[in-house]
Amino acid sequence: MTRAAHGRRVLVVVASRHGSTDEIAAALARSIGDSATGRAAGLAAVPVPADHRPDPAAFDAVVLGSAVYAGRWLEPAREYAARHADLLRTRPLWLFSSGPIGEAPFPPDEAYDVAALMSLTGAKGHRTFPGRLDPQRLSFGERAMVTAMRAPVGDFRDWDAVRRWGDEIAGRLAGVGEPTTVVT
């Protein structure tokens, strides 16, 4: 049977330090496969940690995401993008970042390396999702930095925004909707 007969497979690769971005990737994968469009198109999405080095060749599309610390993506996600850049340019690819926290997102800026990663991989778009800051999950040094910066503590993730973007990606893969080229 052809791959089309089985539906299209989407790989959601993620680098997370304390689990928050892993949870976003899992919700995004569920949204892609479980949306009405995703079900109709036979899409199946699976989240995999970047440090497991999944081979994107067996997938029809890829979503690559990372937690952002000190304004940068985590090394496993950057390495994954660099290692597979040639193949990723041949697949529909979207990037996402997780990290700003608080009501007025802190930090307000996009990760420094997103523009370069989009250029390297030919990604169709990038989204930034708010993250979670739970001091109990942090190392002593991280807790000291959070305290010194007076960073807001809490879970600021917007699950509706994650689901909407998963639905949008499913639509794009099914040939429905406008291109996703927005960088936020």
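**Student:** A description of the overall build of the chain should follow, citing residues and the corresponding values.
**Tutor:** When its secondary structure is counted, the chain shows eight helices and eight strands. Burial status across the chain gives 46% buried among its 184 residues.

**Student:** Describe the packing of helix α4 (residues 75-83) against helix α6 (residues 114-121), naming the residues involved and giving the relevant values.
**Tutor:** It is the contact of α4 with α6, at a shortest axis distance of 9 Å, that shows an interaxial angle of 25°. Classed by the angle they form, the pair α4 and α6 counts as roughly parallel. For the crossing formed where α4 meets α6, the hand is left-handed. Touching R78, A81 and A82 of α4 are L117, L120 and T121, all from α6. The residue makeup of the contact of α4 with α6, split by class, is four nonpolar, one polar and one charged.

**Student:** Now, about the environment of A161: what can you tell me, with residues and values included?
**Tutor:** Within the secondary structure, A161 sits in helix α8 (residues 159-173). Note on A161: relative accessible area 18%, which makes it buried. Here the alpha-carbon distance between A161 and F129, two residues 32 residues apart in the chain, equals 7.9 Å.

**Student:** Give me the lowdown on the packing of helix α2 (residues 20-34) against α8, citing residues and values where you can.
**Tutor:** It is the contact of α2 with α8, at a shortest axis distance of 8 Å, that shows an interaxial angle of 45°. Classified by the angle their axes make, α2 and α8 are oblique. Viewed along their axes, α2 and α8 form a crossing whose handedness is right-handed. Taking contact as the criterion, the partners of E23, I24, A27, L28, S31 and I32 in α2 are, on α8, W159, V162, R163, W165, G166, D167, I169 and A170. In terms of residue class, the contact of α2 with α8 is built from nine nonpolar, two polar and three charged.

Rules used in this analysis
Residues numbered from 1 in each chain as written. Predicted model: local features only at pLDDT ≥ 70, side-chain atom pairs only at ≥ 80, totals over all residues. Heavy atoms only, no water. Helix = DSSP H or I, 4+ residues; strand = E, 2+ residues; numbered from the N terminus. Buried < 20%, exposed > 50% of the residue type's maximum accessible area, 1.4 Å probe, protein only. Axes fitted to C-alpha atoms, helices over the stretch in contact; angles between N-to-C directions. Parallel < 35°, antiparallel > 145°, perpendicular 65-115°, else oblique. Left-handed = near helix turned anticlockwise from the far one by under 90°. Contact = heavy atoms within 4.5 Å. Nonpolar A, V, L, I, M, F, W, Y, C, P; charged D, E, K, R; others polar.

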